[in-house]
Amino acid sequence: MEGEDGMNTKKVLLLVFGILFMLGAVLALLAGGAMVWASQFRKDAEGFHVTEPMEMESDSYAVTSQTIEIDRGASKALYWLGMDTVKVEVESGIPSLPLFVGIADSRDVGEYLRDVEHEEVTDIEVFPSEFRHRLVTGSAQPQPPGSQRFWLERAEGTGPQRIEFDLEEGEYTIVAMNADASPGVNVEVVFGIKASGVLLALGIVFILIGLAAMAAGLVMVIFGARSRPQRIPPPPLPDRPPT
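First, a word on scope: everything that follows refers to the structure included in this document. Here the structure is a predicted model, which is why all the values come from computation and not from measurement.

Basis of the calculations
Note on numbering: residues in each chain are counted from 1, in written sequence order. With the structure being a predicted model, the display of local features is reserved for residues of pLDDT at least 70 and the display and counting of side-chain atom pairs for 80 or more, all residues being used for whole-chain, interface and lining totals. Heavy atoms from the whole structure form the basis of all side-chain values; hydrogens and water molecules are not counted. Labels follow the DSSP assignment, with helices taken as runs of H or I lasting at least four residues and strands as runs of E lasting at least two, numbered in each case from the N terminus. Accessible area is worked out with a 1.4 Å probe on protein chains only. A residue is then buried under 20% of its type maximum, exposed over 50%, and partly exposed in between. Any pair of residues with heavy atoms lying within 4.5 Å of one another is described as a contacting pair. The Shrake-Rupley method, run with a 1.4 Å probe, gives the accessible areas here. Residue values count only the displayed protein chains as cover. Joining through side-chain atoms within 4.5 Å is the link that ties buried Ala, Val, Leu, Ile, Met, Phe, Trp, Tyr and Cys residues into a set, and such a set is a nonpolar core.

1. Let's talk about the overall build of the protein chain
The helix and strand tally for the protein chain stands at 4 helices and 12 strands. Expressed as a percentage of the 243 residues in the protein chain, the buried residues total 34%. Sequence-distant contacts in the protein chain: of pairs separated by 6 or more residues, those separated by 24 or more amount to 83%. Summed over its atoms, the accessible surface of the protein chain is roughly 15,100 Å², and 60% of this surface lies on carbon and sulfur atoms.

What follows is the structure in structure tokens.
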């Protein structure tokens, strides 16, 4: 009797641990699948996750991003993930009009655009790709952006213009303007961030762990649920005839 009780306890433990393994496997598979999906989402030929082209037209002098704040922890995390490079591609709605795009320290941009009317992007949505913005009023007229020396990265000319920048600790602002600093900015913008090979590798590892845990849990459940075969008593011996 004690042997049967011990066997039943083992079966219950196998069932419990098997179910826990399978639940953990489901979570690992979901996490791994999400990582693989994220690593490939809207990935272009150059290995960047990009938004859809977003159009902005303003009567002001410039279109700027909000301050992009990168602290030391975020900088290290982005570097470890391989996602520390961003790109901005802009194209003027007027093909013959030279366009400028640049990124700089937010304090330098704030000083350059002090009392200059411009549009500031306040939020970017990915589904669908669109942004919200607000008008910053002012009465001053800026100098041509290409004449400024504080830009960390810049591009200028007719046709599509593009900059790439490695995100390090600091505060940055992206600016798009007409190259001659004239009012009336009409641009199509695409933002991108470098795709992470680390994220893809982690996703695959999680999927493999999930599959292994699922197999182990399934084996435990099968063995825990399997009933013990009943022993068939041997047939009774025939009565021996009296002598």
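2. Section: the nonpolar core
Counting residues in each nonpolar core, the largest one holds 24 residues, and the members touching the most others are Val88 and Val101. Among the elements of the structure, β2 (54-58), β5 (85-92), β6 (99-105), β10 (161-166), β11 (170-178) and β12 (185-194) are those that each provide at least two residues to this core. Per element, the largest residue contribution to this core is 4 residues, and it comes from β12. Judged by nonpolar contacts, the second largest core, of 13 residues, contains Phe100, Leu113, Val116 and Ala181.

3. Focus: unusual backbone geometry
Look at aspartate 115: it is not a glycine, yet its phi comes out positive at around 65 degrees. With respect to the secondary-structure elements, aspartate 115 resides in the loop between α3 (106-112) and β7 (118-125). The residue alanine 181 is not glycine, and still its phi comes out positive at about 65 degrees. The topology assignment puts alanine 181 in the loop between β11 and β12. The buried category is assigned to alanine 181, whose relative accessible area is 1%.

4. A closer look at the environment of valine 26
Within the secondary structure layout, valine 26 lies in helix α1 (residues 2-40). Distance from valine 26 to alanine 213, taken between C-alpha atoms, is 8.8 Å for residues 187 residues apart in sequence.

Function cannot be inferred from these measures alone, as they are strictly geometric.
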